[in-house]
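Residues per chain, in single letters:
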Amino acid sequence: MNVVAQQDRSLVTAVAIQSSYARQVSDVKAPIINSFYDVSSTAYDRYTTGSVVRLKGKHLRFNPAAVDEGVFVDDGTTDTRLVVYSVVGDRQIDALVPTGISGDLTVTIRTHYTPGGDLRQSSYQRQVSPA
């Protein structure tokens, strides 16, 4: 079956006339999380308690010894900081998911880029769920 559809020219013209865009450039550096990977289940956007997860992105580095910095997971009621890290880099973080966490989680990274600077944070665009 071949289906041929032709758009209504008046609708296309009306949308083109009324649409606009503006480019916004942010000069504030913040963490950018591109992916969340569970090493145990080899699945993206999933986690296994007691397993290592790998976050990849940009500007991810933080001070693991600072209690207000790090990877935080929120199940909607409790915000939990992950405390064990094997890799903390600008483009990758490997962290251990503690036991006792369950449900769909929002993942957030918080960091200071300069001593005494503002705390910057960013959340992963998707929620992660148990594997």
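This structure is a prediction, so every number in the text was calculated from the model and none was measured.

**Some points on the packing of aromatic side chains**
Taken as a whole and judged by the stated rule, the model has 3 aromatic pairs. With 4.9 Å between their ring centres and 55° between their planes, Y37 and Y44 make a pair best called tilted. With a centroid separation of 5.0 Å and 70° between ring planes, the pair formed by F62 and Y85 is classed as edge-to-face. With F62 in the loop between β4 (52-58) and β5 (70-74) and Y85 in strand β7 (residues 85-88), this residue pair connects regions lying 23 residues apart in the sequence. Across the pair, Y85 and F62 agree in class, each one buried. For R110, the ring lying beneath its charged end belongs to F72, and the centroid distance is 4.1 Å.

**Quick look at the side chain of D38**
Of note, D38 is situated in strand β1 (residues 32-38). In this structure the side chain of D38 is engaged in a polar contact, spanning 2.6 Å, whose partner is the side chain of T48. Other than its neighbours up to four places away in sequence, D38 contacts A43, R46, Y47, T48, S51, V52, V53 and A131.

What counts, and where the lines are drawn
Residues numbered from 1 in each chain as written. Predicted model: local features only at pLDDT ≥ 70, side-chain atom pairs only at ≥ 80, totals over all residues. Heavy atoms only, no water. Phe/Tyr/Trp six-rings, centres within 6.5 Å; stacked < 30°, edge-to-face > 60°. Helix = DSSP H or I, 4+ residues; strand = E, 2+ residues; numbered from the N terminus. Buried < 20%, exposed > 50% of the residue type's maximum accessible area, 1.4 Å probe, protein only. Lys NZ or Arg CZ within 6 Å of the ring centre and 35° of its normal. Polar contact = N/O pair within 3.5 Å; in protein donor to acceptor, adjacent residues only side chain to side chain. Contact = heavy atoms within 4.5 Å.

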